[in-house]
Amino acid sequence: MLPGLWRLRLPLPWPGVPHCNAWAIAAGSGVVLIDTGMHEPGSIAQLDRAMDQVNLRVEHVRLVAVTHAHTDHWGQAATICDRAGCELWMHPNHEHATRGARDPDAVLAHRLEIGRRSGVPEAALERYAERFQRGGQSGIARVIEPDRPLLHGVKLDTDLGEWTVYETPGHAPSHVCLFQPERRLLISGDHVLGRVSLYYDYGWTPDPVGEYLRSLDVVDTLGARLGLSGHGRPFVDVAGHIDASRGLVQERIAAVLGALGDGPRTALEIAPIVHGEPLSERNASWLLAETLCCLTHLERRGSVQREDGRGAPLWRASPTQP
Ligand SMILES: [Zn+2]
Ligand SMILES: [Zn+2]
């Protein structure tokens, strides 16, 4: 890595996503910390250890800025800000995370709503609810209000130069990327990853897929040469990764439309066709949210129509495709 820039690799308790990255950037007598890792038992000791390996301490943090309000990126913000006595900067559209962190019942209610809109039977939703309530961990130390909103054009000063904030909603409504123009470094959060994958928060904004595609265009114009993402190793060929992300979005949208080829279906019926795997309690809320986001996007484009009857909406391909 560059002098003055450190990747802190922090473990996550999630199958398939074993780590997230926090990035420490030298800034005067301390560091700016981008992202925090998730809050769970022992997690702050893991951050201490990762910082210790590069001769840093939490007390050196002068500012915490987060790419977005998913638990793995801001869960420990309150603990770090308390210990370091520093500010938190975050995008103001963080309700998708903070509402649930303040009220765990709201998280469950939102997931159940996704299930209902997809056509998941009530009995399966009840089982899911029981298991969810036994799980009980929010991943957030404590909700603190950001001291400054990370809006488009906000600058962060570091020893590597000034970083500019670009709003990049889609993956999450609160997502931002940070760009350092002289070195052409992009802190890309979960917007562009080394290993291309898609995730959208459903139900907080009108069209997460459309927002995500526009946000890919935003970072595409920057000409970054190195991507520092929220998971996985840094990657070159940022433009190639942006293209691959765009390609995967289009592929999924086409697959959702294709699944409606022989008649109307619910999201619950569409998701396993698109992903070529059965839904399980582990993947259902992710894959159904993604399917609903694709359907919403297609509806806005005029490619699908929704029939709201009793129960979950049925989706059908428009007779004439735009
Ligand atoms: Zn995320
Ligand atoms: Zn993440």
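Look above for the structure.
Residues numbered from 1 in each chain as written. Chains lettered and ligands numbered in written order. Predicted model: local features only at pLDDT ≥ 70, side-chain atom pairs only at ≥ 80, totals over all residues. Heavy atoms only, no water.

Turning our attention to the nonpolar core. Counting residues in hydrophobic clusters, the biggest one holds 45 residues, and the most contacted among them are Leu-186 and Val-249. Within the residue set of this core, elements represented by two or more residues are helix H5 (104-118), helix H6 (122-135), strand E9 (176-180), helix H7 (208-220), helix H8 (238-258), helix H9 (267-275) and helix H10 (284-301). For this core, the element with the highest residue contribution is H10, accounting for eight residues. The residues touching Val-249, leaving out its near neighbours within four places in the chain, are Leu-198, Tyr-200, Val-209, Tyr-212 and Leu-213. Residues Leu-33, Val-58, Val-66 and Ala-77 belong to the second largest nonpolar core, which totals 31 residues. (Core = buried A, V, L, I, M, F, W, Y, C linked by side-chain atoms within 4.5 Å. Buried < 20%, exposed > 50% of the residue type's maximum accessible area, 1.4 Å probe, protein only. Helix = DSSP H or I, 4+ residues; strand = E, 2+ residues; numbered from the N terminus. Contact = heavy atoms within 4.5 Å.)

With that settled, the discussion passes to the packing of helix H1 (residues 43-52) against helix H3 (residues 77-84). Packed helices, taken two at a time, are described by their axes: the angle between them and the distance between them. Remark: H1 packs on H3, axes separated minimally by 11 Å, with the N-to-C direction vectors making an angle of 60°. Taken together, the axes of H1 and H3 are oblique relative to one another. Seen along the crossing, H1 lies across H3 with a hand that is right-handed. For the pair H1 and H3, contact is made by Ile-44, Leu-47 and Asp-48 and by Thr-79, Ile-80 and Arg-83, respectively. Classifying every residue of the contact of H1 with H3 by side-chain character gives three nonpolar, one polar and two charged. (Axes fitted to C-alpha atoms, helices over the stretch in contact; angles between N-to-C directions. Parallel < 35°, antiparallel > 145°, perpendicular 65-115°, else oblique. Left-handed = near helix turned anticlockwise from the far one by under 90°. Nonpolar A, V, L, I, M, F, W, Y, C, P; charged D, E, K, R; others polar.)

So, about unusual backbone geometry. Even without being glycine, Arg-184 reaches a positive phi, approximately 55°. If you trace the backbone, Arg-184 turns up in the loop between E9 and strand E10 (185-189). Even without glycine at this site, Asp-237 takes up a positive phi of about 55°. By secondary structure assignment, the location of Asp-237 is in the loop between strand E11 (226-229) and H8.

Take the coordination of the zinc ion (ligand 1) next. In an ideal octahedron of six donors the angles at the metal are 90 or 180 degrees, and in an ideal tetrahedron of four donors they are 109.5 degrees. On the protein side, the zinc ion (ligand 1) has His-68 (NE2), His-70 (ND1), His-171 (NE2) and Asp-190 (OD) as donor atoms, found 2.1 to 2.3 Å from it. Taken together, the four donor atoms coordinating the zinc ion (ligand 1) span angles of 92 to 171° at the metal, a pattern that classifies the geometry as irregular. In primary sequence terms, the donor set of the zinc ion (ligand 1) follows H-x1-H-x100-H-x18-D. Separating the zinc ion (ligand 1) from the zinc ion (ligand 2) is a gap of 3.4 Å, which Asp-190 spans by donating to each of them. Residue His-68 is located in the loop between strand E4 (61-65) and helix H2 (71-74), and its partner Asp-190 is located in the loop between E10 and H7; the two are separated by 122 residues in the primary sequence. Overall, the relative accessible area of 0% leaves His-68 in the buried class. (Donors = N, O, S within 2.8 Å, 3.2 Å for Na, K, Ca; no water. Tetrahedral: all angles 85-135°; square planar, octahedral: opposite > 155°, others 65-115°.)

Let us look at the pairing of strand E3 (residues 30-34). Burial analysis of E3 places five of its five residues in the buried class, which makes it a mostly covered element. As paired elements, strand E2 (residues 17-27) and E3 share five bridges and run antiparallel to each other. Within E3, the residue paired with Trp-23 across the bridge is Ile-34. Hairpin connection from E2 to E3: two residues lie between these consecutive antiparallel strands, with Gly-28 at a positive phi of about 60°. Here E3 runs beside E4; their pairing, made up of four bridges, is parallel. Within E4, the residue paired with Leu-33 across the bridge is Val-64. (Pairing = 2+ DSSP bridges.)

Turning our eyes to something else, we now look at the sheet that holds strand E8 (residues 161-167). Pairing within the open sheet is mixed, and its five strands lie in the order E7-E8-E9-E10-E11. Two strands bound the open sheet, and with one partner strand each, they are strand E7 (155-158) and E11. Pairwise comparison of adjacent strand axes, ignoring direction, gives a mean angle of 25° for this sheet. The sheet contact formed by E7 and E8 spans four bridges and is antiparallel. By the bridge assignment for E8, Leu-156 is matched with Trp-163.

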